[in-house]
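Residue strings, one per chain:
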Amino acid sequence: MGKLNIVQAINQALSQEMERDPEVIVMGEDVARDGGVFRVTQGLLDMFGPERVIDTPLSELGIIGTAIGLAAYGFKPVAEIQFMGFSYAGIEQLFSHASRIRSRSRGRFSCPMVVRTPYGIGIKPPELHSESSEALFAHMPGLKVVIPSNPYNAKGLLVSAIRDPDPVLFMEASRLYRSVKSDVPEELYSIPLGKANIYQEGAEITVVAWGTMLHRAAEASEDFDCEIIDLQTIRPFDEETVVNSVKKTGRLVVVHEAPRICGFGAEVAALVAEEAFGYLKAPVVRVTAPDAVVPMARLEDHYMPSQDMIKKAYQKVMQY
């Protein structure tokens, strides 16, 4: 076991799964020779050759469409989209085909593919490089959405995603790629999709977050008795863990860096309103980015929910 960052943990998961299963292939723009835009796939070309680590043309629609065809006929492609904002070009393929193959074929075909993409604020790039659009993709039945928050769960969740018979969107917070390290076992292991992790035990406030915001929510909790839940999987998400926690604490704060309107926090809030309303001691509070396009670099830090905003949310539910 060694301390790895998220880039190293994902690279390890990919190499070990490719060694274990010859049907696993990696494809995307610059993933072979250059190792991807964040060097996550570095070294895989030397290990597995150009037939299994494939540099594609600059066409997100083509990358995802090709992966669907490969998956339908027995391969397990892991397609990299360089930034989440670029994935919109492939939505038609994901929504109209990948997510529907099992239903359309009445179970004759499945679509065991993974689309990996960096997301979120943190590296101050140009437009379309800092999107956080998990709710958009979670809305489509048949497509799973996974967001790791640390190296340990990045490896375990990716292994499960690759082995899953259905398409998975695997979102990697660019801000966390090299800023967070944790112990990661050398051997292969998996973390089940659809199961949340109780990151921190607490008794007075349930906090639901994922990705980068999990760490920010935890940092803001120093003076509060928070039970912090890392959803890990947005679709399907672990409703039972969230509801049971709210029944214990009586309060809920949801934190995400996507815009507020139709963000996934609204789904979490609606669940609690339906299943645990009688236990609430205060209204549910959401801490989110504003309903605006992600700004250019100088304003990114003002766009992302701050520790101060999260602390005020904790104070609000405690003082109600």
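Draft legend 1. Spotlight on the packing of aromatic side chains. What the rule picks out here adds up to 9 aromatic pairs. Centroid distance Trp210 to Phe264: 6.0 Å. Interplanar angle 80 degrees. Geometry classified as edge-to-face. Note that Trp210 is positioned in the loop between β10 (205-209) and α8 (212-219) and Phe264 in helix α10 (residues 264-275), a separation of 54 residues in sequence. For the pair Phe237 and Phe264, a centre-to-centre distance of 5.3 Å together with 85 degrees between the ring planes defines the contact as edge-to-face. Pair noted here: Phe237 is in the loop between β12 (233-235) and α9 (239-249) and Phe264 is in helix α10, with a separation of 27 residues, a long-range link. Its relative accessible area of 11% is what places Phe237 among the buried residues. Using a relative accessible area of 8% as the deciding quantity, one classes Phe264 as buried. Aromatic rings pair up to connect Phe38, Phe83, Phe86 and Tyr177 into one cluster.

Draft legend 2. Up close: empty space enclosed by the protein. Going through the model one piece at a time under the given rule, you end up with 2 cavities of 30 Å³ or more. The volume enclosed by the largest cavity comes to roughly 40 Å³. Lining the largest cavity are Pro125, Pro126, Glu127, Leu128, His129, Ser130, Glu131, Val294, Pro295, Met296 and Glu300. Of the residues that constitute the lining of the largest cavity, the class distribution is 6 nonpolar, 2 polar and 3 charged. As a volume, the second largest cavity reaches approximately 30 Å³. Lining the second largest cavity are Val37, Phe38, Val40, Glu80, Ile81, Gln82, Arg116, Pro118 and Tyr177.

What counts as what
Residues numbered from 1 in each chain as written. Predicted model: local features only at pLDDT ≥ 70, side-chain atom pairs only at ≥ 80, totals over all residues. Heavy atoms only, no water. Phe/Tyr/Trp six-rings, centres within 6.5 Å; stacked < 30°, edge-to-face > 60°. Helix = DSSP H or I, 4+ residues; strand = E, 2+ residues; numbered from the N terminus. Buried < 20%, exposed > 50% of the residue type's maximum accessible area, 1.4 Å probe, protein only. 1 Å grid on protein atoms, 1.4 Å probe; cavity = no way out; pocket = protein on both sides within 12 Å on 5 of 7 lines; lining within 4 Å. Points joined across faces, edges and corners; volume = space filled by probe spheres on them. Nonpolar A, V, L, I, M, F, W, Y, C, P; charged D, E, K, R; others polar.

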